[in-house]
Protein chains: 2
Amino acid sequence: MLIYRDRVRSEWVDNNGHLRDAFYLLLFSLATDALMDDIGLDHPATQPALAPGADANTRRGHSLFTLQCQLHFQHEVKDGAQVEVRTRILAIDAKRLHLYCSLHLAGQEQEMAACEQMQLHVDMTGPKACAFLPEVLAKVQALAAQDATWPRSPLIGKVIGLPRR
Amino acid sequence: MLIYRDRVRSEWVDNNGHLRDAFYLLLFSLATDALMDDIGLDHPATQPALAPGADANTRRGHSLFTLQCQLHFQHEVKDGAQVEVRTRILAIDAKRLHLYCSLHLAGQEQEMAACEQMQLHVDMTGPKACAFLPEVLAKVQALAAQDATWPRSPLIGKVIGLPRR
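Residues numbered from 1 in each chain as written. Chains lettered and ligands numbered in written order. Predicted model: local features only at pLDDT ≥ 70, side-chain atom pairs only at ≥ 80, totals over all residues. Heavy atoms only, no water.

The next subject is the pairing of strand S3 (residues 82-92) of chain B. Residue and element names in this part refer to chain B. When you tally the buried positions in S3, you get 8 out of 11 residues, the bulk of the element. As defined by bridge partners, strand S1 (residues 2-7) adjoins S3 across 6 bridges and the pair is classed as antiparallel. For Arg 7, the partnering residue across the bridge sits in S3 and is Gln 82. Two elements, S3 and strand S4 (residues 96-105), share 9 bridges in a ladder whose sense is antiparallel. Of the residues in S4, the one forming a bridge with Ile 89 is Leu 99. Following S3, the chain reverses through 3 residues before pairing antiparallel with S4. (Buried < 20%, exposed > 50% of the residue type's maximum accessible area, 1.4 Å probe, protein only. Helix = DSSP H or I, 4+ residues; strand = E, 2+ residues; numbered from the N terminus. Pairing = 2+ DSSP bridges.)

Rotating chain A by 180° and translating it 0.0 Å along the rotation axis places it on chain B, where the RMSD comes to 0.0 Å. Taken together, the rotation angle and the small translation identify this as a two-fold axis. No C-alpha of chain A approaches the rotation axis more nearly than that of Gln 70 of chain A, which lies at 2.1 Å. A share of 100% of the interface residues of chain A reappears at the interface of chain B, consistent with the copies meeting face to face through the same patch. (Least-squares fit on C-alpha atoms with pLDDT ≥ 70 in both. Contact = heavy atoms within 4.5 Å.)

Here we come to the pattern of salt bridges. Across all of its chains, the model carries 14 salt bridges over all chains by this definition. Two residues, Arg 9 of chain B and Asp 6 of chain B, come together in a salt bridge whose shortest N-O distance is 3.0 Å. Of the two residues, Arg 9 of chain B and Asp 6 of chain B, both sit in the buried class. Glu 109 of chain B is paired through a salt bridge with Arg 86 of chain B; the nearest N and O atoms lie 3.1 Å apart. A residue pair is termed long-range when its members are at least 10 positions apart, and Glu 109 of chain B in the loop between S4 and strand S5 (113-123) and Arg 86 of chain B in strand S3 qualify at 23 residues. Relative accessible area serves as the criterion here: at 61%, Glu 109 of chain B is assigned to the exposed category. On the accessibility criterion, Arg 86 of chain B (5% relative accessible area) is buried. The structure contains a network of salt bridges with shared partners spanning Arg 5, Glu 84, Arg 86 and Glu 109 of chain A. (Salt bridge = Lys/Arg side-chain N within 4 Å of Asp/Glu carboxyl O.)

On to the interface of chain A and chain B, then. With 49 residues of chain A in contact, the opposing surface of chain B contributes 49 residues. Overall, the association of chain A and chain B removes approximately 4200 Å² of surface from exposure, summing both partners, and the carbon and sulfur fraction of that is 55%. For the pair chain A and chain B, the interface holds 2 salt bridges. For the salt bridge of Arg 20 of chain B with Asp 33 of chain A, the shortest nitrogen-to-oxygen distance reads 2.8 Å. (Buried area = accessible area lost by both parts, 1.4 Å probe.)

This next bit is on the layout of surface pockets. In this model, the largest pocket occupies a volume close to 770 Å³. If you go around the largest pocket, you meet 39 residues; those closest to its centre are Phe 73 of chain A together with Leu 64, Phe 65, Thr 66 and Leu 67 of chain B. Put simply, the parts of the chain that give the lining of the largest pocket at least two residues each are helix H1 (21-39) and strand S2 (62-73) of chain A together with helix H1 (21-39), strand S2 (62-73) and S5 of chain B. Here the lining of the largest pocket is built from residues that sort into 16 nonpolar, 14 polar and 9 charged. Here the second largest pocket is characterised by a volume of approximately 600 Å³. Looking at the lining of the second largest pocket, the elements that each hand over two or more residues are H1, S2, strand S5 (113-123) and strand S6 (128-129) of chain A together with H1 of chain B. With 5 residues, S2 of chain A is the single largest residue contributor to the lining of the second largest pocket. Of the residues belonging to the lining of the second largest pocket, the class tally is 13 nonpolar, 12 polar and 8 charged. (1 Å grid on protein atoms, 1.4 Å probe; cavity = no way out; pocket = protein on both sides within 12 Å on 5 of 7 lines; lining within 4 Å. Points joined across faces, edges and corners; volume = space filled by probe spheres on them. Nonpolar A, V, L, I, M, F, W, Y, C, P; charged D, E, K, R; others polar.)

Right, let's talk about unusual backbone geometry for a bit. Of note, the amide linkage connecting Gly 126 of chain A to Pro 127 of chain A takes the cis form, showing an omega dihedral of -10°. Tracing the backbone through its elements, the reader meets Pro 127 of chain A in the loop between S5 and S6.

It is worth spelling out the side chain of Thr 87 of chain A at this point. Residue and element names in this part refer to chain A. Structurally, Thr 87 is set in strand S3 (residues 82-92). The buried category is assigned to Thr 87, whose relative accessible area is 4%. Those residues in contact with Thr 87, other than ones at most four positions away along the chain, are Met 1, Leu 2, Ala 31, Leu 35, Leu 99, Tyr 100, Cys 101 and Asp 147.

Moving on, we get to the side chain of His 62 of chain B. On the secondary structure map, His 62 of chain B appears in strand S2. Beyond its immediate chain neighbours, meaning those up to four positions away, His 62 of chain B contacts Leu 41, Asp 42, His 121, Val 122, Asp 123, Met 124, Cys 130 and Leu 133 of chain B.

Leu 103 of chain A together with Leu 103 of chain B are the most contacted members of the largest nonpolar core, which totals 80 residues. Among residues more than four places away in sequence, those in contact with Leu 103 of chain B are Tyr 24, Leu 27, Phe 28, Val 77, Val 83, Glu 84, Val 85, Gln 110, Glu 111, Met 112 and Ala 113 of chain B. (Core = buried A, V, L, I, M, F, W, Y, C linked by side-chain atoms within 4.5 Å.)

Right, here's the structure in full:
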């Protein structure tokens, strides 16, 4: 499990002081950037406002693109809240990662939101999909092994639909 | 079908000039605000930067909260692109809307991304879930009737998972 820590910024909340749906995903997206840092990939958060320390000279030529994601909004999160995203690797193939990420108030167990993601590994010179380099795959597999005994969330694979009567 | 038009803003794109995943959802979220305007509900886009014309005096006391959404990222969208979100109502019950929204370059048929959503109707004095008022329900049903013959997207209900070998 990888933990990404951040704080809810005032420009992410609505007039009620609650985080807007899209900015839950921004937190999950920034957490996936942190995963890319961890496993040796580049990430798109070279937006100066989001990643002041990003340096184009450290680029490694490969990144992850989000193919699909599913979000579950469980509780409201307020302006200024200290939060953390916990990212677990559910499955891996030669060029894809299936992730489950949960948002928590810092240090709390309750999930405020969850995000299941499918990420594709991309050679940025195309950009085109390609297999992970062996050293990246080894890091991904080591992370996934940490979560092998995690009891899987019942939200995984849950289809959107009206409740049955 | 309801159409929401916008332009991709520079603060939503990464160093490659492409829209970040979370800002696709922001476009879908702003389109759902437009749906709320259309059917007579309040919405959270009273963030001055996003909705300069929002006026607290026009509040109607009810809104939609996103319970769950699923995003499919099909094509890159670039800085400055004129885009539109097309929102269709798939199903309704007393207090929920099941939506399918697609993102397009203005006037183009190709989907750049899609977002399936479950929205819950909320009385903001709680906030607590409650049934739609009759006049709102009538507007929702009229919109849904427009899309009754729409051939449903194969992306609806698609579970996230690695492709089978």
